[in-house]
Amino acid sequence: MSASTAPTAAPTAAGTAAQAATPTAAPTATPTAVPPASTPPAPTPSPSRPAPAFRGRIGRDARSGHYAVPRRYRLYLSTACPSGLRLAVAHSLLGLDDVCPVTFLPAVADGPDGGHSALRPLYEASAHRYTGPALAPVLGDDWLGRIVSTHAPDILRDLDRWFGPGRPALYPEDVQADIEAVERLCAQGVDEAAQRAGTAGVEQDAALAQLLGALGELEQRLNGGGHVLGDRLTAADIAVWVSLVQLDTVHSHHLDAAAVQRIAAHPRLWAHARRLTAHPAFGGHLDLDGIARRHRARCRGLEAAGAAVRILDWAAYASHQVDDR
């Protein structure tokens, strides 16, 4: 799909909000979690993606203490955050409203350290004298009043593995390695490369080339079916969609117009993003206004000509919300 040459007005938030619940502190020690057999490697920490403070796992191992019990766990997330948006989409695709409730947090954190004040009691109950920011997303244990994990990839896999029976798996066993390869490509080849391409310095051209190469690889993957890995909607589609949302609504603000036009020249990829946006589980959580406010609150870079170019009219496609699955 070709890029538009005129800016698109910021639409209103599409996600629903829930009341923030303050968890109850418990004096017991933090349980030691035992990961399931397939545990993705922890990503390398970066300024935009700090190391997770907690990395427990849900499972049936008696040593972990975190059994897969309906309504024991709660998600705390902001859909303006890429990790939170991925979890919100997966949560809806798996139909977990009655199994693992969600507390939606503001797009812009209200704590002086960049954390959410609503999560501060939960963090302090989970780690003695915790002094870091109370960041989202969080998977909390309502029984213990403590945090299980702040590592979004682990949380997504555990929700799919333990609470997703009866729904098509987001991580089918036969393509797990392919999904993880796509997730790495999105994180390193799209998200991080786009961040560097929009930062003034000698790396810009190399970063843009890496970004375009990653988009080209994803474009080729869409040759074989209706989704990234064939005919099934998997976690790979969620990762690609969230990366494209960020690329078009955040990173493009720091790229020149010619670079955005080259990014737009991947018609199958952007058509796939358009179809997914019309799916209620995707478009229903797309908080464009929140993404813009979070970007303004966090960004210290200079705006470039790419800010005036939009590849997709995300609000228009989200409003259609036709289940394309």
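This one's a predicted model, so the numbers in the text were calculated from it and none came from an experiment. (Residues numbered from 1 in each chain as written. Predicted model: local features only at pLDDT ≥ 70, side-chain atom pairs only at ≥ 80, totals over all residues. Heavy atoms only, no water.)

Caption draft 1: Highlighting the overall build of the chain. Of the regular secondary structure elements, the chain holds 11 helices and 4 strands. Residues classed as buried in the chain amount to 50% of the 325 residues present. Long-range pairs, those at least 24 residues apart, make up 74% of the contacts in the chain between residues at least 6 apart in sequence. Total accessible area on the chain is roughly 14,600 Å²; 54% of this is exposed by carbon and sulfur atoms. (Helix = DSSP H or I, 4+ residues; strand = E, 2+ residues; numbered from the N terminus. Buried < 20%, exposed > 50% of the residue type's maximum accessible area, 1.4 Å probe, protein only. Contact = heavy atoms within 4.5 Å. Areas by Shrake-Rupley, 256 points an atom, 1.4 Å probe, with all protein chains shown as cover.)

Caption draft 2: Region of interest: the environment of Leu 212. The residue Leu 212 is located in helix α5 (residues 204-221) in this model. Placed 50 residues apart in sequence, Leu 212 and Arg 262 show a C-alpha to C-alpha distance of 7.7 Å. Not counting residues up to four positions away in its chain, the partners in contact with Leu 212 are Arg 262, Ile 263 and His 266.

Caption draft 3: Structural detail: the confidence of the model for the chain. Averaged over every residue, the pLDDT of the chain is 83; residues scoring 70 or more account for 78%. Counting interchain partners and residues more than four positions distant, the pLDDT-below-50 stretch residues 1-48 has 98 contacts. (pLDDT = per-residue confidence, 0-100.)

Caption draft 4: The side chain of Thr 249, seen in detail. Following the sequence through the fold, Thr 249 ends up in helix α6 (residues 235-249). Engagement of the side chain of Thr 249 in a polar contact is seen with the backbone oxygen of Val 245, the distance being 2.6 Å. Excluding residues within four positions of it along the chain, Thr 249 makes contact with Leu 288, Ile 291, Arg 310 and Trp 314. (Polar contact = N/O pair within 3.5 Å; in protein donor to acceptor, adjacent residues only side chain to side chain.)

Caption draft 5: A look at unusual backbone geometry. Following Ala 136, the chain continues to Pro 137 via a peptide bond in cis, the omega torsion being 5°. Turning to its location among the elements, Pro 137 is positioned in the loop between α2 (120-126) and β3 (138-141). In this structure, Arg 71 is a non-glycine residue whose phi angle is positive, near 65°. A positive phi angle, close to 55°, is found at Arg 129, a residue other than glycine. Inspection of the secondary structure puts Arg 129 in the loop between α2 and β3. For Arg 129, a relative accessible area of 72% corresponds to the exposed category.

Caption draft 6: Structural detail: the nonpolar core. The biggest cluster of nonpolar side chains holds 77 residues, and the ones touching the most others in it are Leu 170, Trp 241 and Trp 314. The leading source of residues in this core is α6, at 10 residues. Trp 241 has contacts with Leu 85, Val 89, Ala 273, Leu 276, Thr 277, Phe 282, Gly 283, Leu 286 and Trp 314, leaving out every residue within four places of it along the chain. In this structure, Phe 54, Tyr 76, Leu 122 and Tyr 123 belong to the second largest nonpolar core, which totals 10 residues. (Core = buried A, V, L, I, M, F, W, Y, C linked by side-chain atoms within 4.5 Å.)

Caption draft 7: Quick look at the packing of aromatic side chains. A complete count under the given rule lists 7 aromatic pairs for this structure. Measuring from centroid to centroid gives 6.4 Å for Tyr 73 and Phe 163, while their planes differ by 55°, and the two rings are tilted. Of the two residues, Tyr 73 is situated in strand β1 (residues 73-77) and Phe 163 in helix α3 (residues 152-163); the sequence distance between them amounts to 90 residues. Owing to a relative accessible area of 1%, Tyr 73 belongs among the buried residues under this scheme. By relative accessible area, which is 9% here, Phe 163 ends up buried. (Phe/Tyr/Trp six-rings, centres within 6.5 Å; stacked < 30°, edge-to-face > 60°.)

Caption draft 8: Seen up close, the environment of Gly 230. Topologically, Gly 230 is positioned in the loop between α5 and α6. Gly 230 sits in the buried class, given a relative accessible area of 19%. Ignoring any residue separated from it by four or fewer positions in sequence, one finds Gly 230 in contact with Gly 224 and Gly 225.

Caption draft 9: A look at the packing of helix α1 (residues 82-94) against α3. For the pair α1 and α3, interaxial distance at closest approach is 10 Å and the crossing angle is 0°. Taken together, the axes of α1 and α3 lie roughly parallel to each other. The segment α1 lies against α3, with Ser 83, Arg 86, Leu 87, Ala 90 and Leu 94 engaging Ala 152, Ile 155, Leu 156, Leu 159 and Asp 160. Of the residues in the contact of α1 with α3, the class split is 7 nonpolar, 1 polar and 2 charged. (Axes fitted to C-alpha atoms, helices over the stretch in contact; angles between N-to-C directions. Parallel < 35°, antiparallel > 145°, perpendicular 65-115°, else oblique. Nonpolar A, V, L, I, M, F, W, Y, C, P; charged D, E, K, R; others polar.)

Caption draft 10: Fine view of the pairing of β3. Of the two faces of β3, the one holding Val 138 and Gly 140 and the one holding Leu 139 and Asp 141 are both buried throughout. Here β1 pairs with β3 via 4 bridges, running antiparallel. Bridging from a neighbouring strand, Arg 74 pairs with Gly 140 of β3. Bridge count for β3 against strand β4 (residues 146-149) is 3 bridges, and the pairing is antiparallel. When the sheet's bridge partners are listed, Gly 140 is paired in β4 with Ile 147. Here β3 hands over to β4 after 4 residues, with Gly 145 in that stretch at a positive phi of 65°. (Pairing = 2+ DSSP bridges.)

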